[in-house]
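# Survey of secondary and tertiary structure
Below are the chains, spelled out letter by letter.
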Amino acid sequence: MLPNIPYTQHKRVVIVGAGFGGLALAREIAKREDLQVVLIDRNNYHQFQPLFYQVAMAGLEPSSISFPLRKIFQSKKNVHIRITEVHNVNPDRKSITTDLGEITYDYLVIATGAVTNYFGMKEIEERAIPMKTVSEALALRNRILQNFEDALSVDSEEERAGLMSVVVVGGGPTGVELSGTLAEMKHFILPKDYPEMDFKTMEIHLLEGSKELLGAMSDESSQRSREYLEKMGVHIHTEQVVTGFDGKYVTTKQGMRIRADNLVWAAGIKANPLNGLNPELIVRGGRIKVDQYNRVQGFEEIFALGDVAAMQEGEWENGHPQLAQPAIQQGKALARNVWRVMDGKKAVPFKYKDLGSMATVGRNRAVVDLPFIKFQGFMAWLTWMFVHLISIVGVKNRLLILINWVWNYATYDQSLRLILRPKTIEQISNKNEKNEEAVKQEA
């Protein structure tokens, strides 16, 4: 296979990764027609990660938080999108190696984001459910719903309780939001779907290794989120480090043992750099060392941004937070610097502007930390919804999400609790072959 990207007289900018940072850069830099932009990703869509948990809990359809890349760049003739895996970078040849072949660049931007960090625990990696992609969110939804179906058909109360109970590991925004949504489903939705079961036996546990939830936010937000979750019936265990999960019991370093068949891993991430760079450039968490202009140290034509970049700037000695805003700001800043250099001007060092952070705990409950004010409760919940809604790519997606949210709020229900098991091409082929064989035998 060949990438079949035409050669032109314009400089070629290759962007690997269509997450928040890569997409922000591509949308800005593509405005100049005297640049050729090649955007590479393993998926043909951009996915809005902050709402993965709502897909996992059957609150939103996957298509509502995903947007086709080709739709975004329909009017940009200088943008070439390739859906493929990138294996390594070849700085000596100014190229990258992909499943489609070798792709050359004048400038390379690594925006490959982060993946789930299991901290070397193979047992956890094999059995826990992560939530870093739309596919993983759907897998979690399937697992939870299927376990409730299975719980109807078991004899042992202990086994039924294990199938129904969920342990969430990680007290950051994802863990808090997922636990809150599970608690609301337990109280308002699942008893209507499964009237034969006693949901008092369903337990939701949230485990965090540090002393408090939402450690990156203010003490007020941390304390209030804990109060909200405890009122909703979530069992919170701080200073508990999970070390094992055999499929039935979750164990911690401190000696805790919890009966649950479902372990959701939201305890950490690590950067996902490309192979081929000097290992000395890879620092803590797998991030790539970059300068104030997002240039990979030692290279003039290779850049990294977002979760995969480690830039020391101001108070961020170990790199910026691995969140959407730093990635978006770096992407836009890099685009402006490319333009400045092309126009014979000097590049401007990147300065991160902290716009604050927020997390929702459930209906009418959220916590918001802005640079100038901190607040919790109903107004924080409305603020959270507004910020996330305007951040979604695509007017249609925003409208669909708004309709879903309004319906869920009015009815305490949603109609997306479907167990969808995708079949592989091999499974379909085998089934067709069996059907053909059966027809031949009947004949």
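Description of the structure in this document. Not measured: the values here are computed from a predicted model. (Residues numbered from 1 in each chain as written. Predicted model: local features only at pLDDT ≥ 70, side-chain atom pairs only at ≥ 80, totals over all residues. Heavy atoms only, no water.)

### Section: the overall build of the protein chain
- Summing up its helical and strand segments, the protein chain has 12 helices and 24 strands in all.
- Against the 2.2 N^0.38 benchmark of 22 Å for 443 residues, the protein chain shows a C-alpha radius of gyration of 24 Å, consistent with a compact globule.
- Viewed in the frame of its principal axes, the protein chain has a C-alpha envelope of about 75 × 70 × 40 Å.
- The buried share of the protein chain, reckoned over its 443 residues, is 50%.
- Of the accessible surface of the protein chain, which amounts to about 21,900 Å², a share of 52% is contributed by carbon and sulfur atoms.
- Computing the positive centroid from 53 side-chain charges and the negative centroid from 52, the protein chain places the two 6 Å apart. (Helix = DSSP H or I, 4+ residues; strand = E, 2+ residues; numbered from the N terminus. Rg over C-alpha atoms; globule rule 2.2 N^0.38 Å. Buried < 20%, exposed > 50% of the residue type's maximum accessible area, 1.4 Å probe, protein only. Areas by Shrake-Rupley, 256 points an atom, 1.4 Å probe, with all protein chains shown as cover. Lys, Arg positive; Asp, Glu negative; His and termini not counted. Charge placed at Lys NZ, Arg CZ, Asp CG, Glu CD.)

### Quick look at a nonpolar patch on the surface
- On the surface, Phe 378, Met 379, Leu 382 and Tyr 409 cluster together to form a nonpolar patch covering roughly 370 Å² of accessible area.
- Residue contributions to the nonpolar patch peak at 3 residues, all from helix α10 (residues 378-391).
- Considering the arrangement of structural elements, one finds Tyr 409 in helix α11 (residues 395-411). (Patch = residues over 30% accessible without salt bridge, like charges linked within 9 Å, V, L, I, M, F, W, Y side chains within 5 Å. Salt bridge = Lys/Arg side-chain N within 4 Å of Asp/Glu carboxyl O.)

### Considering empty space enclosed by the protein
- Within this structure, the stated rule accounts for 1 cavity of 30 Å³ or more.
- Volume-wise, the largest cavity comes out at about 40 Å³.
- Along its surface, the largest cavity is lined by Val 13, Leu 25, Ile 29, Tyr 107, Val 109, Phe 303, Leu 334 and Val 338.
- Of all elements in the fold, only α1 (20-29), β9 (107-110) and α9 (324-342) reach the threshold of two or more residues within the lining of the largest cavity. (1 Å grid on protein atoms, 1.4 Å probe; cavity = no way out; pocket = protein on both sides within 12 Å on 5 of 7 lines; lining within 4 Å. Points joined across faces, edges and corners; volume = space filled by probe spheres on them.)

### A word on the nonpolar core
- Residues Leu 51, Ile 65, Leu 140, Phe 148 and Leu 178 are the most contacted members of the largest nonpolar core, which totals 63 residues.
- Broken down by element, this core gets its largest block of residues, 7 residues, from helix α7 (residues 173-193).
- Discounting residues that sit within four places of it in the chain, Leu 51 has contacts with Leu 60, Ile 65, Trp 384, His 388, Ile 392, Ile 401 and Trp 405. (Core = buried A, V, L, I, M, F, W, Y, C linked by side-chain atoms within 4.5 Å. Contact = heavy atoms within 4.5 Å.)

### Here we look at the packing of α1 against α9
- Interaxial distance between α1 and α9 falls to 7 Å at its minimum, and their mutual angle equals 30°. It follows from the interaxial angle that α1 and α9 lie roughly parallel. The element α1 and its partner α9 pack so that their crossing is right-handed. Across the interface between the two elements, Phe 20, Gly 21, Ala 24, Leu 25, Glu 28 and Ile 29 from α1 touch Ala 324, Ala 327, Ile 328, Gly 331, Lys 332, Leu 334, Ala 335, Val 338 and Trp 339 from α9. (Axes fitted to C-alpha atoms, helices over the stretch in contact; angles between N-to-C directions. Parallel < 35°, antiparallel > 145°, perpendicular 65-115°, else oblique. Left-handed = near helix turned anticlockwise from the far one by under 90°.)

### Considering α10
- Under the 1.5 Å per step criterion, the end-to-end length of α10 is 20 Å for 14 residues, consistent within 8% with the ideal 20 Å.
- Residues of α10 that are buried make contact with α2 (52-56), α7, β22 (357-362), β23 (365-369), β24 (374-376) and α11. (Expected span 1.5 Å × (residues − 1).)

### Some details on the packing of aromatic side chains
- Following the criterion strictly, the structure yields 10 aromatic pairs and no others.
- Taking the centre distance of 6.5 Å and the plane angle of 50° together, the rings of Tyr 107 and Phe 303 count as tilted. Remark: Phe 303 occurs in strand β20 (residues 302-304) and Tyr 107 occurs in strand β9; sequence separation between them is 196 residues.
- Take Tyr 107: its relative accessible area is 28%, and that puts it in the partly exposed class.
- Between Trp 384 and Trp 405 the ring centres are 5.8 Å apart and the planes differ by 40°, which places this aromatic pair in the tilted class. Highlighted residues: Trp 384 in helix α10 and Trp 405 in helix α11, separated in sequence by 21 residues.
- Residue Trp 384 is classed as buried on the basis of its relative accessible area of 2%.
- For Trp 405, a relative accessible area of 10% corresponds to the buried category.
- Directly above the aromatic system of Tyr 409 lies the positively charged group of Arg 363, at a separation of 4.4 Å from the ring centroid.
- Of note, Arg 363 hangs over the ring of Tyr 412, and the distance from its end group to the ring centre comes to 3.6 Å. (Phe/Tyr/Trp six-rings, centres within 6.5 Å; stacked < 30°, edge-to-face > 60°. Lys NZ or Arg CZ within 6 Å of the ring centre and 35° of its normal.)

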